[in-house]
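Coordinate analysis (summary)
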Amino acid sequence: MLKKKNKYVVAVAGATGAVGREMIELLEERSFPVGGLIALASESSEGERLQFMGRSVTVRRPAKDSFNDVDIALFSAGSERSLEFAPVAVKSGAVVIDNSSAFRMDPTVPLVVPEVNAHAIAKHRGIIANPNCSTIALVTALKPIHDAVKIKRVVVTTFQSVSGTGKKAIDELAGQTVALLNFRDIETNVYPHQIAFNCIPHIDAFLENGYTKEEMKLVDETRKIMEDDSIRVTATAVRVPVFRCHAESVNIETEKKISADEVRAVLSAAPGVIVYDDPTRGLYPLAIDVAGKDETYVGRIREDESLPNGINLWLVSDNLRKGAALNAVQIAEYLIR
Ligand SMILES: NC(=O)c1ccc[n+]([C@@H]2O[C@H](COP(=O)([O-])OP(=O)(O)OC[C@H]3O[C@@H](n4cnc5c(N)ncnc54)[C@H](OP(=O)(O)O)[C@@H]3O)[C@@H](O)[C@H]2O)c1
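Residues numbered from 1 in each chain as written. Predicted model: local features only at pLDDT ≥ 70, side-chain atom pairs only at ≥ 80, totals over all residues. Heavy atoms only, no water.

Close to the ligand lie 26 residues; T16, S42, S45, S163 and K167 are nearest. Here a nitrogen atom of the ligand sits 3.4 Å away from a polar atom, N or O, in the main chain of G164. The separation between an oxygen atom of the ligand and a polar main-chain atom of G166 is 3.5 Å. With the chains in place, 79% of the 900 Å² that the ligand exposes on its own is no longer accessible. Put simply, the parts of the chain that give the shell around the ligand at least two residues each are α1 (18–29) and α9 (321–335). Here the residues of the shell around the ligand are counted per class, giving 9 nonpolar, 15 polar and 2 charged. (Near = heavy atom within 4 Å. Polar contact = N/O pair within 3.5 Å; in protein donor to acceptor, adjacent residues only side chain to side chain. Areas by Shrake-Rupley, 256 points an atom, 1.4 Å probe, with all protein chains shown as cover. Helix = DSSP H or I, 4+ residues; strand = E, 2+ residues; numbered from the N terminus. Nonpolar A, V, L, I, M, F, W, Y, C, P; charged D, E, K, R; others polar.)

Moving on: the sheet that holds strand β1 (residues 8–13). Read from one edge of the open sheet, 7 strands run β3-β4-β2-β1-β5-β6-β7, paired in mixed fashion. Edge positions in the open sheet fall to β3 (49–52) and β7 (127–129), since each of these has one partner strand only. Recorded for the sheet is a direction-independent mean angle of 25° between the axes of neighbouring strands. Of the pairings in the sheet, the one linking β3 to strand β4 (residues 55–60) comprises 4 bridges and is antiparallel in character. Within the sheet, the bridge partner assigned to F52 lies in β4 and is R55. Sheet strands touched by α1: β1, β2 (34–40), β3 and β5 (72–75). Its angle to β3, the strand with the most contacts, is close to 30°. With respect to the sheet, helix α2 (residues 79–91) is in contact with β5, β6 (95–98) and β7, its orientation differing from that of β5 by roughly 175°. (Pairing = 2+ DSSP bridges. Axes fitted to C-alpha atoms, helices over the stretch in contact; angles between N-to-C directions. Contact = heavy atoms within 4.5 Å.)

Right, dumping it as structure tokens:
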């Protein structure tokens, strides 16, 4: 358990990555009481200097003694590093908030979106897991509807930006776009196909059931966070040539009837959600508008005319902020309350 202090030593593992950099920015932006920042990354970034609160912090490689004196360790350096170093950090007395998928489905590890299940934080035994970026946005919008009319089934299709894969993927989309517009050959290293001017229905590895791991994360994590295994979820995850923000088309079947206006009212009152829904004026959530925002934006709310109790909606959320770094920092804020 975290001891109450005026200031906390915070480690960021993966400090030079797309999520890690965002975490450091958010700690500063939200005035988290940081008494010391430990920035960890791979060998290739060792010695690099990052700016935090007007001071320069040297990046180090994680080692067995990296977490001595650390109170909170934010991990975003991939599952392998989490599996190796999260237990080391816990043993050193830190509470770990892990962005990777390493511990998400471990029944002893809370999987938390503060707007949905903040109460689960208290059950941690040293590690708290941050859900998948698409799951975070999805459950933020689903929970208030579930509380109102109980959700039976969800059909979700995601449109996921390249920053969800990390900094190499951002470079790949930029590099391929420039190359193609200049009639040059492209390099494809991160994705199985060209991502510029393309959509790829393949995120993470394929499983025996024909789904990808990313799709099954949406299914399993949604049920765990909503604490309801009766909700049926099916997902298709698509990578799109967008730099930042994931969008999702969501079809929801509910037990009781709810109108589109009632959904708008329920979601307007929900924490972390902004209803942005006026198609007559061309207003609906767009990645370019939601980038840098904290909330999950929801629009195109309408009744599914093919079902007695069905709702369709479209949501957009910044995957690097609410989908990763912000959610982790919010959990840290709960820990020090
Ligand atoms: N991107 C998202 O939207 C998102 C959302 C939710 C969860 N996540 C999860 O967050 C994690 C990081 O994602 P990302 O998008 O930030 O990836 P990224 O941009 O590729 O950054 C990876 C970070 O991990 C560090 N790292 C790599 N190998 C390492 C090693 N052997 N030892 C220590 N540090 C190492 C990298 O250091 P170098 O810079 O030195 O290589 C970098 O700081 C992943 O587990 C991912 O699944 C990402």
